[in-house]
Amino acid sequence: MTPTATGVSRPGFAWAAPAAVFFGLFALLPLVLVAVLSFAHWDGLSAPRFTGLDNWSKLFDDPVMLKSLGLSVLLTGLGVAVQTPLSILLGVWAAGPQRNRAVLSAIYFVPLLLSAAAVSVLWRAVLDPNFGVPAHAEWLFGDGNLFGAQSSAIGVLVFVSAWQFTPLHTLIYQGAARAVPRVLYQAAQIDGAGRFRQFFHITLPQLRNSIITSTILMVVGGLTTFDTVLILTQGGPGTDTTISAYYMYQKAFKNFDYGTASAIGVLLVLVATVISLIVVRLSGYDRMRSRMEGL
């Protein structure tokens, strides 16, 4: 155990060595290789040829790439805006003593057990304009083709992602809500605070760390979403839902331009890292030292 400046002992590096080796081999090393490949031209067959900054210059001159980056940020922002309040409310509810809470929670968490591909195939069938629900509810869906316009297609992507991943973040908030000391609520009740005041003045502040962690996970997951777009919209209509991860796939496996695809991958890593650091810095998460949630 290694003592820190605050006098708190922490485990030595040997405890983290297995995880560090695994992370280095399967995360850092591939990332370095992709970064190197972003400065080369490679079609997947011939030997890579160094081209300097050509891939990067083409990237920033490509209107589709710039549009895809904006769409990635938009979908990520919408995902955070939709999933965060739902996850908090469901997590706090699931942490309570309600009747049949365990059964209802288990049913609600079923989407979390499915792969993104399975979820996308499911909702593609349900929302099919010819045979799905929209075809039989024209009064609600109009012509029924939710994938034919950018706004409705983006709405479908946001809805499907929220349907699958909200349970994950609900679990985070459920665990955090259960860790809130009960004496805080008891003291609030003595002072006459109702449920709403307790929620906004006790529960939410105590969930601060979990909100930051959940938001970072949503940002990283949103920027790297791929299979949902591939199955549901295939980047359409036109390029209206072609996000950066899907555009990277097109460059690599359809155009066999692995150099440009690698540059897109590195750019996504940089964007996700910058946004995550901004969230951590603005929230003050990096200055927290307490072992208790929210303190």
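Shown above is the structure to which this text applies.
Quick caveat, the model's predicted, so the values are computed rather than measured. (Residues numbered from 1 in each chain as written. Predicted model: local features only at pLDDT ≥ 70, side-chain atom pairs only at ≥ 80, totals over all residues. Heavy atoms only, no water.)

Let's shift gears to the overall build of the chain. Secondary structure summary: the chain contains 13 helices and 4 strands in total. C-alpha extents for the chain along the principal axes are approximately 70 × 65 × 30 Å. Taking all 295 residues of the chain together, 39% fall into the buried category. As displayed, the chain has an accessible area near 16,900 Å², and 69% of this comes from carbon and sulfur atoms. The distance from the centre of the 18 positive side-chain charges to the centre of the 13 negative ones in the chain is 17 Å. (Helix = DSSP H or I, 4+ residues; strand = E, 2+ residues; numbered from the N terminus. Buried < 20%, exposed > 50% of the residue type's maximum accessible area, 1.4 Å probe, protein only. Areas by Shrake-Rupley, 256 points an atom, 1.4 Å probe, with all protein chains shown as cover. Lys, Arg positive; Asp, Glu negative; His and termini not counted. Charge placed at Lys NZ, Arg CZ, Asp CG, Glu CD.)

So, on to the nonpolar core. Membership of the largest hydrophobic core comes to 16 residues, with the highest contact counts inside it found for Leu75, Trp123, Leu127, Val156, Val160, Leu232 and Ile243. Contributions of two or more residues to this core are made by α3 (63–94), α5 (116–126), α7 (150–178) and α11 (227–232). Top contributing element to this core by residue count: α7, with 5 residues. Counting residues in each nonpolar core, the second largest holds 15 residues, with Ala245, Ala263, Val266 and Val271 among its members. (Core = buried A, V, L, I, M, F, W, Y, C linked by side-chain atoms within 4.5 Å.)

Its 16 residues place the ends of helix α10 (residues 208–223) 23 Å apart at the C-alpha level, agreeing with the 22 Å of an ideal helix rising 1.5 Å per residue. Within the sequence span of α10, burial applies to Asn209, Ser210, Ile212, Ser214, Thr215, Met218, Val219, Gly222 and Leu223. (Expected span 1.5 Å × (residues − 1).)

Counting through the fold element by element, serine 276 comes out in helix α13 (residues 258–283). Here alanine 272 takes part through its backbone oxygen, which lies 2.8 Å from a polar atom of the side chain of serine 276. (Polar contact = N/O pair within 3.5 Å; in protein donor to acceptor, adjacent residues only side chain to side chain.)

Before going further, it helps to spend a moment on unusual backbone geometry. With an omega dihedral of 0°, the bond running from glycine 236 to proline 237 counts as a cis peptide bond. Backbone geometry at glutamine 234 places phi at a positive 55°, although glycine is not the residue there. When you line up the elements, glutamine 234 lands in the loop between α11 and α12 (244–253). Judged by relative accessible area, which is 54%, glutamine 234 ranks as exposed. Positive phi outside glycine occurs at phenylalanine 256, with the angle close to 55°. Along the chain, phenylalanine 256 falls in the loop between α12 and α13.

This part covers the environment of threonine 166. With respect to the secondary-structure elements, threonine 166 resides in helix α7. The class of threonine 166 is buried, set by a relative accessible area of 1%. Distance from threonine 166 to proline 63, taken between C-alpha atoms, is 33 Å for residues 103 residues apart in sequence. Here threonine 166 is in contact with Gln83, Leu86, Ser87, Leu90, Tyr108 and Ser161, once residues within four sequence places are set aside. (Contact = heavy atoms within 4.5 Å.)

What follows deals with the pattern of salt bridges. Applying the stated criterion across every chain yields a total of 1 salt bridge. Residue lysine 67 is joined to aspartate 240 by a salt bridge in which the shortest nitrogen-to-oxygen separation is 2.9 Å. On the criterion of sequence distance, the pair formed by lysine 67 in helix α3 and aspartate 240 in the loop between α11 and α12 is long-range, its members being 173 residues apart. Lysine 67 sits in the partly exposed class, given a relative accessible area of 32%. We classify aspartate 240 as partly exposed; its relative accessible area is 21%. (Salt bridge = Lys/Arg side-chain N within 4 Å of Asp/Glu carboxyl O.)

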